[in-house]
Amino acid sequence: MMAAVGAGEVITQLESAAKVLMAPPSMVSNEQRQHAEHIFLSFRKSKSPFAICKHILETSKVDYVLFQAATAIMEAVVREWILLEKSSIESLRTFLLTYVLQRPNLQKYVREQILLAVAVIVKRGSLDKSIDCKGIFHEVSQLISSGNPTVQTLACSILTALLSEFSSSSKTSNIGLSMEFHGSCKRLFQEDDLRQIFMLTVEVLQEFSRRENMNAQMSSVFQRYLALANQVLSWNFLPPNLGRHYIAMFESSQNVMLKPTESWRETFLDSRVMELFFTVHRKIREDSDMAQDSLQCLAQLASMHGPVFPDESAQVNYLARLVEGLLSMINGIEIEDSEAVGISNIISNLITMFPRSNLTAIPSELFNSFVNCLTHLTCSFGRSAALEEVLDKDDMVYMEAYDKLLESWLTLVQDVKHFHKGFFIQHAVQVFNSYIQCHLAAPEGTRNLTANGVASCEEEEEEINELQEDDRELFSDQLASIGMLGRIAADHCIPLLTSLLEDRVTRLHGQLQRHQQHLLASPGSGSVDNKVLDELYEDIHWLILVTGCLLADETQGETPLIPPEIMEYSIKHSTEVDINTTLQVLGSPGEKASSIPGCNRTDSAIRLLSSVLRTSEVESRATRANLTDLLSPQMGKDIVWFLKRWSKTYLLVDEKLYDQISIPFSAAFGADTEGAQWIVGYILEKVINNLSVWSSEPDLANDTVELLVTLVERRERANVVIQCENWWNLAKQFANRTPPLHSLSGSVQRTLMKALVLGGFAHMDSEAKQQYWTEVLQPLQQRFMNVINQENFQQICQEEEVKQEIIATLEALCGIAEATQIDNVVILFNFLMDFLNNCIGLMEIYKNTPETVNLIIEVFVEVAHKQICYLGESKSMKLYEACLTLLQVYSKNNLGRKRVDMSAEEDQYQDLLLIMELLTNLLSKEFIDFSDTDEVFRGQEPGQAADRSVSAADVVLYGVNIVLPLMSQDLLKFPSLCNQYYKLITFICEIFPEKIPQLPDDLFKSLMFSLELGMTSMSSEVSQLCLEALTPLAEQCAKAQETESPLFAATRHFLKLVFDMLVLQKHNTEMTVAAGEALYTLVCLHQAEYSELVESLLSSQQDPVIYQRLADAFNKLTASSSPPTLDRKQKMAFLKSLEEFVATVGGLLCVK
Amino acid sequence: MADADLDFQTGDAGASATFPMQCSALRKNGFVVLKGRPCKIVEMSTSKTGKHGHAKVHMIGIDIFSGKKHEDICPSTHNMDVPNIKRNDYQLIGIQDGYLSLLQDSGEVREDLRLPEGELGKEMESKYEAGEEMLITVLSAMNEECAVAIKAMTK
């Protein structure tokens, strides 16, 4: 489409295509639309479209066509950059800019697109320094000083376009350039041009902020420049010397903090800049849109850090000005809803980014006012957040602001040593009290009250879905902060929580008793009003959550320590405490604490614990009185959650971990104390009671078994647990599969089994140990053997009773596997191995019962997952063999089977997913291996198994052999299955490339087909995996030097695929590395074929200029690596040249 | 593999069609009776009425014979009926008048099962005519039976 031949014709064609695209859907057919789209696509791909585009821009009246012309110019400039004269690029840029200037009434989207083209030209030009940016700024500043709002808006658009084009590599237009290029452009830009933009913006804002009475048009210009200022202040300053990988990571970070380079010092330390933004906000704070920008600007300024500050005193000065400005901005105003989040962001950034030493260095009066202000805002936002909840607002601005401020508190008080002792106590008391108040019911609290103190209309019984998180997770951050503040003000908060909780439990007890009497007096009478109960449950719910977070931290893995504040608090008061009374209060959850003589001399932290135990006891007694229907499962969850958290930290406290220990603590729950024994017994009883009365509440049952696991997962605790008779009863009861335990859900039964096994590794004499295993593990085996060894098992295996028995056994096996630890793997592996062999038999028996087959595979998955990393060679072999046999049986029973029932596909999908998980687990042995050549099994085996009959590779390849034929294209549409499958294939190619050529023909072919399919028509993630698999395959070929093998032929085919992908198709730049590595290795292997590919590509070029450029580019590509060899250095050089190659000629070749 | 024991003609002599189970112990992929029909549970979720309410279980099941979807919601303490499901493999030895002739382990031949409609039925017919030996899986529950799968016999 040359301008000379029928430019008018082209325009007519484009205009009518635009009409089709703009027409309402009902007016044009799909084909018409596609055709029209095609016209534009091929127009944009046409060669050197500059003349015709200019022509279009000057003559056409159709906006959409103008837009497309601008796009075409932008794409063509980048594509043909190396073919264009610098002067013509220069004049193109001038043309575009003038064009926009002369047409103030252009549609916004057309104008922005043209400016984008300008920005792209400027950016591309900065690479070869051919285009000078300065010219543009001169023009823009003239536009700004024109005073004409329309022109000023245009100037702002130009700056915005430049800014976003240079700002990051993800936001920029895809112009096919490398990360390094984007990075170095950005670095140049941020040192100079960015500051120019900022200065221009500041001037405009200053000018406007001086004006009274702005009209709407001026105010809209003002808003645009404010947004631009925000963009500059949110600039993610790229530090020098950041590698490509890090650039991407760096730029993906959200919430950019302002860290300007040193050259910005003068600009940002100028006090007028910060002042300006405070002034601006004051001026526009009632406009909620603009206020968001101005507050965000201030928040960015509050986050400033890094080399911009020459020394600490400069930083302190800056901070002092900031705090002063903030306080004078907030004081005396009524904060608007739209300001809450912005203001809390400023505070949060300031507290996070400035070191504590800075905070204490500002004038103390100023700092005091700041903390007072923070306290006041926190309480006030908290109350407003509660109101939002009552009104069920969609947009919870105060909740967000409250979260931010509570988080800031946590940061602030974490380094208490910088502040004088007790500095924060009064503030903490205020924030803590207001939190409690918002969460308690009237009269003490304000829960569900509207602003004027009226109870909100009756909350309807709304359905709560399982997907909704529990409050303890939903508000975990808030609770962590409140817990921390509670510790700081322990003297106030612990007694407060105790008295509130004791009071609510007493009322709950009374209320339940009244219900019971009512039921006894008139049995069967209608339902009772639960409103009072629900209010009490909700109060108790929050009190327990806060108590749990105050007394202990949540940790994963490591042993959580008793918070130092709590320890100090207990020690400080220990002289006023009577140990015996304390123990009596602790040990009497059935009584009110206040009824125990001398109860005021109880250790307060222990009394708080005992108030939770009292709650637990009231609950348990209610279940025994058949009042379970009236109880709240939520409260039940809160109680076991608390007990778990508390036990981890306090139970059998290890005195060695602390400098000083509270006497009441060590007397009440230290090692070898009656107190500890009593608590373990109490918790165990609670667990057993819960599992029987709450088996129908899945979450509560789950939290309960998790508590049980906590009790036994550490040996010191387990030692105490197994001394309880109840523990043995639980074990026996579970082994007998009697109700109620067997009506627990599968996952709960699994975890219960895990706990029972863990308990067996407590310290016992050998006789007790023998007895324990006799009662826990052996019944499982016995029952199982009894079932499967029945003579008529074949006939009765389908009976539901038998199936249930088998399913329960399989679940238990998964639980046993989950209990694996390095010190018990010997026993558990040997025990499970017997079962695994029997499970294979079951697989045969239940071959047409998919739900059982699925669970059997799961047992193998779990065993491999938990144990393979500890197994030495001969044990691994046993497991490999078992897995291999399992897969053989599965394959035999499923090949050639066709099912039509509804869930056939779903069942098969689940089987295959599990099998692949199993194979991946087995493979993981290759990189995670803790075994020390059967160290853990030493002495266990009569001589090593000498012949290595099966290897992981064999099992896995055999598995793949099974999976492949079953893996239909339909099944690959399940994304999780597809990803798992390709992960496995890539693993195999990377770990056992030498096995690939030995595969049976069919398997080899389908493997290669899978790779090709994955590379060409799956997601980019899969495509990358396949490319990664190619390199080791090609290397394998090179090593073997067999030019006849099928693998050699296959790699030749892949060379062409990868070549086309890299050179001819537009591909994701992230893929360049994986594809480049694959290409290089393939090129090494097939040098002649590669030359042919290049030759044929060149010979198809008509244009001699392009031919020459391409030929040069190809020469350069391989210059550093000829002849190509599998040498790392050469490979890296190739990859580097490849990037340049793609950047310079990639675009040329994609043209149709 | 068939150890034909003539004393045990079928195993289900005294087995009842369904048995009760607490709702919370049901599992996804398991079976339950919904609206009087044996169903495979394809989805299960719990909910509660209000924060302090008790759990209710919401189940979606698919009728194992008709493929129709059924739903139910009930308190998790309730007992639900679970159907006794059996699957048996028989060798196909003939097709007559739209009925299958199946060889039982006992050596007897049953001829009371319809050739299923649709693709599976057609495949049975064509494979049978081609002389391929195959096993037919018959699914039975609550006094209803249906052929649901074929599998080529391993020689």
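Residues numbered from 1 in each chain as written. Chains lettered and ligands numbered in written order. Predicted model: local features only at pLDDT ≥ 70, side-chain atom pairs only at ≥ 80, totals over all residues. Heavy atoms only, no water.

Asks: What am I meant to see in the overall build of chain B here?
Replies: On a plain count of helices and strands, chain B comes out with one helix and eleven strands. Reading chain B from its N end, one meets helices and strands in the order β-β-β-β-β-β-β-β-β-α-β-β. A burial count over chain B gives 46% of its 155 residues as buried. Considering only residue pairs separated by 6 or more positions, chain B has 48% of its internal contacts joining residues 24 or more positions apart. Surface summary for chain B: the accessible area is close to 8,000 Å², and the carbon and sulfur share equals 47%. (Helix = DSSP H or I, 4+ residues; strand = E, 2+ residues; numbered from the N terminus. Buried < 20%, exposed > 50% of the residue type's maximum accessible area, 1.4 Å probe, protein only. Contact = heavy atoms within 4.5 Å. Areas by Shrake-Rupley, 256 points an atom, 1.4 Å probe, with all protein chains shown as cover.)

Asks: Just to check I follow, could you spell out a negative patch on the surface for this structure?
Replies: Residues and elements named next belong to chain A. A contiguous patch of negative charge, built from Glu 389, Asp 392, Asp 394, Asp 395, Glu 400, Asp 403, Glu 407 and Asp 477, is present on the exposed surface. Sort the elements by how many residues they give to the negative patch and helix 20 (residues 397-414) lands first, with three residues. Among the secondary structure elements, Glu 407 is positioned in helix 20. (Patch = residues over 30% accessible without salt bridge, like charges linked within 9 Å, V, L, I, M, F, W, Y side chains within 5 Å. Salt bridge = Lys/Arg side-chain N within 4 Å of Asp/Glu carboxyl O. Lys, Arg positive; Asp, Glu negative; His and termini not counted. Charge placed at Lys NZ, Arg CZ, Asp CG, Glu CD.)

Asks: Teacher, can you tell me more about the confidence of the model for chain B here?
Replies: Close reading of the predicted structure is inappropriate where its pLDDT is low. Residue and element names in this part refer to chain B. Across chain B, the average pLDDT comes to 84, with 89% of residues at or above 70. By mean pLDDT, the top-scoring element of chain B is strand 2 (residues 31-34) (94), and the lowest-scoring one is helix 1 (residues 118-129) (87). Scored below 50 in pLDDT, residues 1-14 makes 15 contacts in the model with residues more than four places away or belonging to other chains. As scored by the predictor, the complex reaches a pTM of 0.86 and an ipTM of 0.85. (pLDDT = per-residue confidence, 0-100.)

Asks: Explanation requested: the interface of chain A and chain B in the structure shown.
Replies: When the parts of a complex come together, some accessible area is lost, and that lost area is often taken as the interface size. Taken together, the contact pairs 58 residues of chain A with 50 residues of chain B. A buried area of about 4,300 Å², summed over both sides, lies between chain A and chain B, and 47% of it is on carbon and sulfur atoms. When residues of chain A are sorted by the area they lose upon contact with chain B, Ile 464, Gln 795 and Lys 898 of chain A head the list and together hold 14% of the total. The interface formed by chain A and chain B contains five salt bridges. A salt bridge links Lys 51 of chain B to Glu 538 of chain A, with the nearest nitrogen and oxygen atoms 2.7 Å apart. For the interface between chain A and chain B, the tally reads 19 residue pairs in polar contact (both at pLDDT 80 or more). (Buried area = accessible area lost by both parts, 1.4 Å probe. Polar contact = N/O pair within 3.5 Å; in protein donor to acceptor, adjacent residues only side chain to side chain.)

Asks: It is not clear to me how unusual backbone geometry should be interpreted in this structure. Could you clarify?
Replies: The phi torsion of most residues other than glycine is negative, and most of the peptide bonds are trans. Residues and elements named next belong to chain A. With an omega of 5°, the peptide bond between Ala 442 and Pro 443 qualifies as cis. Tracing the sequence through the fold places Pro 443 in the loop between helix 21 (425-439) and strand 1 (463-465). One non-glycine residue, Leu 652, lies in the positive phi region at around 55°. Following the sequence through the fold, Leu 652 ends up in the loop between helix 29 (633-650) and helix 30 (663-669). Residue Leu 652 is classed as buried on the basis of its relative accessible area of 12%. At Asp 672, a residue that is not glycine, the phi angle is positive and equals roughly 55°. Among the secondary structure elements, Asp 672 is positioned in the loop between helix 30 and helix 31 (674-693).

Asks: Before we go on, may I ask you to explain the UniProt feature "domain: Translation initiation factor 5A C-terminal" (unreviewed entry) in chain B in this structure?
Replies: Following the UniProt record, the feature "domain: Translation initiation factor 5A C-terminal" (unreviewed entry) maps to residues 84-151 of chain B here. Between the C-alpha atoms that bound residues 84-151 of chain B there is a distance of 23 Å. The span itself is 18% helix and 56% strand. (UniProt positions renumbered as here; feature names shortened; annotations may be inferred.)

Asks: Any chance you could explain the sheet that holds strand 2 (residues 897-899) of chain A here in plain terms?
Replies: Overall, antiparallel pairing links the six strands, which are arranged 2(A)-11(B)-10(B)-7(B)-8(B)-9(B) in an open sheet. Because the sheet does not close on itself, it has two edges, and the strands there are strand 2 of chain A together with strand 9 (109-114) of chain B. In this sheet, adjacent strand axes meet at a mean angle of 40° when their direction is disregarded. Alignment of strand 7 (residues 86-96) of chain B against strand 10 (residues 134-141) of chain B, held across six bridges, turns out to be antiparallel. (Pairing = 2+ DSSP bridges. Axes fitted to C-alpha atoms, helices over the stretch in contact; angles between N-to-C directions.)

Asks: Even after reading the chapter, I still don't get the confidence of the model for chain A, so can you show me in this structure?
Replies: Summarising the model, chain A shows a mean pLDDT of 87, and 92% of its residues fall at 70 or more. Note that pLDDT drops below 50 for residues 934-947 of chain A; the model gives that stretch 25 contacts with residues more than four away or on any other chain.

Asks: Which parts of the structure should I look at to understand the state of the cysteines?
Replies: Note: disulfide means a covalent bond formed between the sulfur atoms of two cysteine side chains. All names here are of chain A. Throughout the structure, instances matching the rule amount to zero disulfides over all chains. With no disulfide of its own, Cys 438 lies 8.5 Å from the sulfur of Cys 379, the closest cysteine sulfur. Cys 438 sits in the buried class, given a relative accessible area of 9%. Here Cys 869 is not cross-linked by a disulfide; its sulfur's nearest cysteine counterpart is in Cys 883, at 14 Å. (Disulfide = S-S within 2.5 Å.)

Asks: Explain the pattern of salt bridges to me, please; I cannot follow it from the model alone.
Replies: Within this structure, the stated rule accounts for 47 salt bridges over all chains. One salt bridge in this structure joins Glu 851 of chain A and Arg 87 of chain B, with 3.6 Å as the shortest N-O distance. Placement of the pair is Glu 851 of chain A in helix 41 (residues 850-867) and Arg 87 of chain B in strand 7, with the two residues belonging to separate chains. For Glu 144 of chain B, the salt bridge identified is with Arg 37 of chain B, shortest N-O distance 3.0 Å.

Asks: What's the story with the packing of aromatic side chains in this structure? I'm lost.
Replies: All names here are of chain A. By the definition in use, this model includes 40 aromatic pairs over all chains. Ring centres 6.3 Å apart and planes at 20° place the aromatic pair Tyr 318 and Phe 354 in the stacked group. Taken as a pair, Tyr 318 in helix 16 (residues 312-330) and Phe 354 in the loop between helix 17 (340-353) and helix 18 (356-361) lie far apart in primary sequence, 36 residues in all. Judged by relative accessible area, which is 1%, Tyr 318 ranks as buried. Its relative accessible area of 1% is what places Phe 354 among the buried residues. Arranged with centres 4.8 Å apart and planes meeting at 85°, the rings of Trp 646 and Phe 669 form a pair that is edge-to-face. Of the two residues, Trp 646 sits in helix 29 while Phe 669 sits in helix 30, which places them 23 residues apart along the sequence. Residue Trp 646 is classed as buried on the basis of its relative accessible area, which comes to 2%. Just above the ring of Trp 235 sits the side chain of Lys 186; from NZ or CZ to the centre is 5.3 Å. (Phe/Tyr/Trp six-rings, centres within 6.5 Å; stacked < 30°, edge-to-face > 60°. Lys NZ or Arg CZ within 6 Å of the ring centre and 35° of its normal.)

Asks: Would you mind going over the packing of helix 15 (residues 288-302) of chain A against helix 17 of chain A with me for this structure?
Replies: Packed helices, taken two at a time, are described by their axes: the angle between them and the distance between them. Residue and element names in this part refer to chain A. Close contact between helix 15 and helix 17 brings their axes to 8 Å; oriented N to C, the two are set at 5°. For the element pair helix 15 / helix 17, the angle class is roughly parallel. Between helix 15 and helix 17, the contacting residues are Leu 295, Gln 296, Leu 298, Ala 299, Gln 300 and Ala 302 on the first element and Gly 342, Ile 343, Asn 345, Ile 346, Asn 349, Leu 350 and Met 353 on the second. Tallied by class, residues from the contact of helix 15 with helix 17 come to eight nonpolar, five polar and no charged. (Parallel < 35°, antiparallel > 145°, perpendicular 65-115°, else oblique. Nonpolar A, V, L, I, M, F, W, Y, C, P; charged D, E, K, R; others polar.)

Asks: Please explain helix 37 (residues 778-788) of chain A as it appears in this structure.
Replies: Residues lying three or four places apart along an α-helix face the same way, a consequence of the helix completing one turn every 3.6 residues. All names here are of chain A. Among the residues of helix 37, those classed as buried are Leu 780, Phe 784, Val 787 and Ile 788. Buried residues of helix 37, seen end-on, are gathered within an arc of 85° and therefore sit on one face of the element. On its buried face, helix 37 sits against helix 36 (766-776), helix 38 (793-796), helix 39 (800-818) and helix 40 (825-845). (Arc of directions from axis to C-beta.)

Asks: Help me understand the nonpolar core in this model?
Replies: Here is a general trend for soluble globular proteins: nonpolar side chains tend to be buried in one another's company. With 399 residues, the main nonpolar core has Phe 277, Phe 669 and Phe 1114 of chain A as its most contacted residues. With 13 residues, the single largest contributor to this core is helix 40 of chain A. With near-sequence residues (within four places) excluded, Phe 1114 of chain A lies in contact with Phe 1059, Val 1063, Tyr 1090, Val 1094, Leu 1097, Leu 1098 and Phe 1141 of chain A. Counting residues in each nonpolar core, the second largest holds 14 residues, with Val 32, Leu 34, Met 59 and Cys 74 of chain B among its members. (Core = buried A, V, L, I, M, F, W, Y, C linked by side-chain atoms within 4.5 Å.)

Asks: Is there a simple way to think about the side chain of Arg 447 of chain A in this case?
Replies: All names here are of chain A. Mapped onto the secondary structure, Arg 447 falls in the loop between helix 21 and strand 1. For Arg 447, the side chain forms a polar contact with the side chain of Glu 535, separated by 2.6 Å. Within the local environment of Arg 447, its side chain forms a polar contact with the side chain of Asp 539, the two groups lying 2.6 Å apart. Excluding anything up to four places from it in sequence, Arg 447 contacts Gln 437, Cys 438, His 439, Leu 440, Ala 441, Glu 535, Glu 538 and Asp 539.

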